[in-house]
Amino acid sequence: MFDYVGKATKIELPTCKFCGSRDTVKNGHRKGTQYYICKNCGKGFVDNKGLPRMRYPMDVVAKGVYDYYAGTSLTKIREGIAQQWNLYPADSAVYTWLRMLTKKAIAEAKKYPISVGDKWVCDETVVSLSGEKYWYIDIIDADTRFLLAAKISPNRTIKDIKATFEEAKEKAGKSPSEILSDGWAGYPDAVEQVFGADTKHAVGSPFKQDDLNTNLIERWHGTLKDRLKPMRGMDRSKVMQLVLDGFIFYYNYFRPHEGLEGETPGEAAKVKFPFRSWFDVAESLRPKPEPLPRDK
Ligand SMILES: [Zn+2]
């Protein structure tokens with residue numbers, strides 16, 4: 001009987017959000033909030049389903065990042081959170097979530113190999129952000145529509161094109177048999193230097209550019225254009241690249257593709273990626289709860 005009561009009480013206590021231990025005890029109330037302390041790592045915490053060192057619950061964090069990539073303005077994101085949860089995060093908090101979840105999502109995605117085709121398409125577009133002109137350069141697999149690499153640069157030099165090629169090659173784990181691009185004079189050399197003489201270069205495009213250019217790029221561009229605020233300790237071009245990387249991730253892994261009968265490019269490329277949402281990404285940042293003690 002006492003065993004049963006003891007066990008039931010134990011299960012009601014939250015696991016430690018820093019180390020996942022179940023060895024936690026109540027540690028008093030402050031302003032109506034129950035605090036806990038972990039006897040394993042000694043850290044105090046609130047059971048708000050939040051991430052370590054973060055004040056906000058995971059569903060708030062995941063929603064903020066989802067809305068950001070859906071093109072919602074920072075002001076509207078914060079208004080939505082205030083309405084739904086009565087919480088008032090600062091802009092800097094939203095940027096912290098964005099940075100944490102984007103970096104984690106990209107790091108996780110790197111662990112899963114992709115299987116793409118042999119014909120790739122390289123494309124460049126000029127975008128204007130805060131009055132400055134940038135080149136946006138990307139490379140996509142024609143079969144799966146998997147976006148292999150995308151870079152922004154103040155210039156379009158052979159170095160920029162080669163850096164984009166190198167990244168695509170590393171991600172795909174191979175060189176393509178053919179690369180399509182526009183007629184810019186630097187391409188043939190860049191193709192040969194990165195992929196070797198076996199990769200054929202051709203001028204042209206196998207599918208309509210509306211797919212990426214009017215969708216992903218414009219969305220990314222529109223999102224950044226109106227509210228490009230550097231995150232604390234980050235310069236503007238790093239913020240742009242991080243948000244771009246987040247869009248690429250979203251495009252490859254979360255967004256069903258019309259040209260692929262509703263599959264994501266990641267699914268088309270046979271990636272066994274387990275995350276389906278920004279909530280899954282947020283949840284993966286929490287330590288795994290210690291397993292329940294085995295019944296004797
Ligand atoms: Zn702990």
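Since we're looking at a predicted model, the values are computed, not measured.

Trainee: Describe the sheet that holds strand β1 (residues 24–30), and please don't skip the residues or the numbers.
Mentor: Two pairing modes exist for strands in a sheet, parallel and antiparallel, and in both the strands are linked by backbone hydrogen bonds. Strand order in the open sheet formed by three strands is β1-β2-β3, with antiparallel pairing between adjacent strands. The open sheet has two free edges, formed respectively by β1 and β3 (44–46), since each of these has just one partner strand. Across the sheet, the mean angle from the axis of one strand to that of its neighbour is 35 degrees, orientation sign disregarded. Inspection of the sheet shows strand β2 (residues 33–38) paired to β3 by three bridges, in the antiparallel sense. Bridging from a neighbouring strand, Ile-37 pairs with Gly-44 of β3.

Trainee: Tell me about helix α5 (residues 158–172), and name the residues and values.
Mentor: For α5, which comprises 15 residues, the first-to-last C-alpha distance of 21 Å matches the rise-based estimate of 21 Å (1.5 Å per residue) to within 8%. Residues of α5 that are buried include every one of Asp-160, Ile-161, Thr-164, Phe-165, Ala-168 and Ala-172, and no others. Buried residues of α5 fall within an arc of 135 degrees about the axis and therefore sit on the same side. Of the exposed residues in α5, those oriented more than 90 degrees away from the buried face are Lys-159 and Glu-170. Elements that come into contact with the buried residues of α5 comprise β4 (119–129), β5 (132–141), β6 (147–153), β7 (178–181) and α6 (187–195). The positive-phi residue at the C-terminal boundary of α5 is Gly-173, with phi of around 70 degrees.

Cut-off values and rules
- Residues numbered from 1 in each chain as written.
- Predicted model: local features only at pLDDT ≥ 70, side-chain atom pairs only at ≥ 80, totals over all residues.
- Heavy atoms only, no water.
- Pairing = 2+ DSSP bridges.
- Helix = DSSP H or I, 4+ residues; strand = E, 2+ residues; numbered from the N terminus.
- Axes fitted to C-alpha atoms, helices over the stretch in contact; angles between N-to-C directions.
- Expected span 1.5 Å × (residues − 1).
- Buried < 20%, exposed > 50% of the residue type's maximum accessible area, 1.4 Å probe, protein only.
- Arc of directions from axis to C-beta.
- Contact = heavy atoms within 4.5 Å.

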